[in-house]
Amino acid sequence: MSEIPRTQSALLLHGAKQDYELIDNHPVPEVERDSEILVENRAIGLNPIDWKAPDFNFGLPQLPYIAGRELAGVVVKVPSASQSWKIGDRPRGSQVAVISTDYRDLRKAAYQQYVVAQSHTVVRLPQHISFEDGSTFGVAFAAASIALGVSLGLDFSSILDGPDLFKTVREIGHDRLPSDIRDESLHGIESFERAKSGDWIAIWGGSATSANLTIQLAKLAGVKVAVVVDSAKHGIRLSAHPVIRPDLLVDSHDPKRAIEILRASTQGNLRYGLDTRGKESAGHLLKALENNDASGYDGSVSPPSPPGTPSQSKPGRRHLVGLTGLPKDYTGRDVQLHTVPIKLFHESAAIGESLTSWASRLLEKGILSPPDIIDVECGLRNVNIGLNRMRRGEICGGKLVVRV
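Everything numeric in this text was worked out from a predicted model, so none of it was measured.

**Q** Whenever I open this one, the overall build of the chain confuses me. Can you help?
**A** Helices and strands together make up the secondary structure of the chain, namely 12 helices and 15 strands. Expected size for 404 residues packed as a compact globule is a radius of gyration near 22 Å; at 21 Å, the chain falls within 12% of this value. With respect to the principal axes defined by its C-alpha atoms, the chain has extents near 70 × 45 × 40 Å. The buried share of the chain, taken over its 404 residues, is 56%. Excluding contacts between residues fewer than 6 apart, the proportion of contacts in the chain whose partners are at least 24 apart in sequence is 74%. When the accessible surface of the chain is summed, it comes to about 17,400 Å², and 47% of that surface belongs to carbon and sulfur atoms. Within the chain, the 47 negative side-chain charges are centred at a point lying 1 Å from the centre of the 46 positive side-chain charges.

**Q** I keep staring at the packing of aromatic side chains and nothing clicks. Help me out?
**A** The description of two aromatic rings rests on the distance between their centres and on the angle between their planes. A full pass over the atoms with the stated rule returns four aromatic pairs. Centre to centre, the rings of phenylalanine 137 and phenylalanine 141 are 6.5 Å apart; their planes meet at 75°, and the pair counts as edge-to-face. Through pairs of rings, three or more aromatic residues link up here, namely Phe137, Phe141, Phe156 and Trp358. We note arginine 170 situated over the ring of phenylalanine 166; from NZ or CZ to the ring centre the distance is 3.6 Å.

**Q** Looking at this structure, how should I read the confidence of the model for the chain?
**A** Detailed reading of the predicted model is not advised wherever pLDDT is low. Considering every residue of the chain, the mean pLDDT works out to 92; 91% of them sit at 70 or more. The low-confidence segment residues 295–313, where pLDDT is below 50, has 33 contacts with residues more than four positions distant or belonging to other chains.

**Q** Looking at this structure, how should I read the domain arrangement of the chain?
**A** Interface size, as often reported, equals the accessible area lost upon joining of the parts. According to the domain assignment, the chain contains domain 1 (7–136 + 370–403) and domain 2 (142–291 + 315–341). Domain 1 and domain 2 are separated by 27 Å when their C-alpha centres are compared. With eight residues of domain 1 in contact, the opposing surface of domain 2 contributes eight residues. The contact between domain 1 and domain 2 buries some 570 Å² in all, and 56% of this surface belongs to carbon and sulfur atoms. For the pair domain 1 and domain 2, the number of links is zero salt bridges. At the boundary of domain 1 with domain 2, the tally comes to two residue pairs in polar contact (both at pLDDT 80 or more). In terms of residue class, the side of domain 1 that touches domain 2 is made up of three nonpolar, three polar and two charged.

**Q** Would you take a moment to explain helix α12 (residues 383–391) for this structure?
**A** Among all positions in α12, only Val383, Asn384, Gly386, Leu387, Arg389 and Met390 are buried. Those residues of α12 hidden inside the fold are in contact with β1 (7–12), α1 (49–56), β14 (373–378) and β15 (399–403). Looking one or two residues past α12, glycine 393 carries a phi angle of roughly 80°, positive in sign.

Calculation notes
- Residues numbered from 1 in each chain as written.
- Predicted model: local features only at pLDDT ≥ 70, side-chain atom pairs only at ≥ 80, totals over all residues.
- Heavy atoms only, no water.
- Helix = DSSP H or I, 4+ residues; strand = E, 2+ residues; numbered from the N terminus.
- Rg over C-alpha atoms; globule rule 2.2 N^0.38 Å.
- Buried < 20%, exposed > 50% of the residue type's maximum accessible area, 1.4 Å probe, protein only.
- Contact = heavy atoms within 4.5 Å.
- Areas by Shrake-Rupley, 256 points an atom, 1.4 Å probe, with all protein chains shown as cover.
- Lys, Arg positive; Asp, Glu negative; His and termini not counted.
- Charge placed at Lys NZ, Arg CZ, Asp CG, Glu CD.
- Phe/Tyr/Trp six-rings, centres within 6.5 Å; stacked < 30°, edge-to-face > 60°.
- Lys NZ or Arg CZ within 6 Å of the ring centre and 35° of its normal.
- pLDDT = per-residue confidence, 0-100.
- Domains from an automatic or database assignment.
- Buried area = accessible area lost by both parts, 1.4 Å probe.
- Salt bridge = Lys/Arg side-chain N within 4 Å of Asp/Glu carboxyl O.
- Polar contact = N/O pair within 3.5 Å; in protein donor to acceptor, adjacent residues only side chain to side chain.
- Nonpolar A, V, L, I, M, F, W, Y, C, P; charged D, E, K, R; others polar.

Here it is as structure tokens:
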């Protein structure tokens, strides 16, 4: 293994509404704790936040800033006492995916050649997963797992010994959770309201990578999935997709009609929703959920194929998770609104380790599939080109990857 250099290439953002600037003499980040490793970056998965943050001037804790939330590479430095990691190239078992949700620590950002990662935020990649594929799924996997497992209470323990996050977060305890996510983590859903096999979840915005991983994990747990999407753009792909084909596909062109179809097709049993697009579509999904008990379903709209499940009486509130925004003025009690406590992933080693080790097992067995790759750019200097393509809406239904 070659010696780790003192400087590296990195992309720096110097201000809002600017491109990232390539710097060739940026310091290689230092490993500061025994729980950290250093990874040589091989591929980066681009995310919408990487262009939206500078364009709209949010999520930039300092300037200059290094962005990028997910990557894949090889482990090149570990704590001296570590017995868990191998140093070297792919044949020696050090290929990993890094899920960097801790955006305030620039050492962990993806837009550089060497990246520091907390051990519990790293997924060991099996040999059949390329660096490019390994860079595509991480953030969406963490967000989908926590949304389903914490906010909606879905138990994954029957799937390759996956985590019961609802239980784990309560074992961590009140005082050990960050104060800003404590209420959502511990009190967002009651035990008798937890999602389970046979329930329905509606996902509005099914073309997003976060929707891809949510669909996969929900279906693995036996949850029925309805997806609301622009059918003209994504209908054929989703309906024929071998991994993320939903149980019900609904066109988003007419939101009022989409709401009616969701209610009718689930026979009043739709109790869970997840929105990937924003406040407006989250508001549509809220209307599909509120006052939607099986006992009150009037059957005014005939359910399309596939037919809805038989009507079942089920207590408790309905629950709506918003990944990018929620309606502000909702005051009803029928639906509990949730934001995803993603900070759990990097702040809690118990949560992060349970998810990354599970992801590795799922990938090894071929049960979890990385999202489709739309295209690959080459070199850090072409990250700006990739982000511009995303701005123009050219990348849809999959990921754009940059090979470092």
